[in-house]
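Architecture at a glance
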Amino acid sequence: MAPGSRPAAPEPPEASGPPIYADAVRVLRGWSAPDADQERVRLEFLRHLEEHPADGLWRECAAGHLTASTAVLDASRSRVLLTLHAKIKAWLQLGGHCEPADRTLAGAALREATEESGIAGLRLLPGPVQLDRHAVRCHPQGTWHLDVQYVAIAPQDARHAVSDESDDLAWFPVDALPETSDDVVRALVARARGLRC
């Protein structure tokens with residue numbers, strides 16, 4: 001392989017299903033991973049879509065399914081809005097499952113962030129910033145979330161509202177995240193801080 005090139009991505013079949021499937025393939029094929037670990041995850045996600053063209057985006061897929069989440073930064077980019085997840089009891093970025101009405105991964109990420117924050121007018125930055133595969137209990141035997149993670153900027157003086165999906169919602173300084181956030185959240189916020197958009 002030539003220096004600077006990346007391994008060929010698997011070729012999922014042409015999408016005849018919902019528009020979000022074709023969008024997910026396009027986004028993942030076109031995304032430039034920031035490091036070798038993220039490149040490995042990118043290829044895993046594409047392989048998953050190739051192997052599960054009918055259901056790989058939906059929670060019904062027991063082998064795993066794509067999800068979309070968002071690190072919401074305030075207008076100054078000095079704080080991040082995190083949710084105290086009702087089931088996990090940890091401070092996480094906003095996000096969740098794709099739904100049949102979602103036409104794009106970015107649209108799913110923005111919808112989830114808006115629903116979970118109660119903030120209208122979030123501005124989603126272009127393209128994902130990070131991918132994460134983590135075990136969840138969506139099925140009795142367990143399964144995987146293949147999370148495509150974005151960044152959004154809240155309007156000046158945005159007011160948030162706690163949804164029924166979380167125990168709490170709060171702003172934290174980007175350099176002082178709560179102890180009960182995990183390494184994935186820390187990496188996502190660090191990447192978000194480094195964006196120049």
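What you see is a predicted model; the values in this text were computed from it and never measured.

**Things to note about unusual backbone geometry**
- Its identity is not glycine, yet arginine 77 carries a phi of approximately 60 degrees, on the positive side.
- Its place among the elements puts arginine 77 in the loop between strand E1 (65–73) and strand E2 (79–85).
- Given the relative accessible area of 24%, arginine 77 is considered partly exposed.
- Even without being a glycine, lysine 89 presents a positive backbone phi close to 60 degrees.
- Within the secondary structure layout, lysine 89 lies in the loop between E2 and strand E3 (91–92).

**Considering the layout of surface pockets**
- By volume, the largest pocket is sized at about 850 Å³.
- If you trace the largest pocket, you find 32 residues lining it, with His85, Ile88, Gly95, Val136 and His145 closest to the centre.
- Residue assignment for the lining of the largest pocket shows that the elements contributing at least two residues are E1, E2, strand E4 (94–97), helix H3 (105–117), strand E6 (130–136), strand E7 (143–153) and helix H4 (183–194).
- When the residues that make up the lining of the largest pocket are grouped by side-chain class, the tally is 10 nonpolar, 12 polar and 10 charged.

**As for the nonpolar core**
- By size, the foremost hydrophobic cluster in this structure holds 23 residues, and its most contacted members are Leu49, Leu57, Leu66 and Leu105.
- Taken together, the elements giving at least two residues each to this core come down to helix H1 (19–30), helix H2 (36–51), E1, H3 and E7.
- Per-element accounting of this core gives the leading share, six residues, to H1.
- By size, the runner-up hydrophobic cluster in this structure holds 20 residues, among which are Val80, Trp91, Phe172 and Val185.

Parameters at a glance
Residues numbered from 1 in each chain as written. Predicted model: local features only at pLDDT ≥ 70, side-chain atom pairs only at ≥ 80, totals over all residues. Heavy atoms only, no water. Helix = DSSP H or I, 4+ residues; strand = E, 2+ residues; numbered from the N terminus. Buried < 20%, exposed > 50% of the residue type's maximum accessible area, 1.4 Å probe, protein only. 1 Å grid on protein atoms, 1.4 Å probe; cavity = no way out; pocket = protein on both sides within 12 Å on 5 of 7 lines; lining within 4 Å. Points joined across faces, edges and corners; volume = space filled by probe spheres on them. Nonpolar A, V, L, I, M, F, W, Y, C, P; charged D, E, K, R; others polar. Core = buried A, V, L, I, M, F, W, Y, C linked by side-chain atoms within 4.5 Å.

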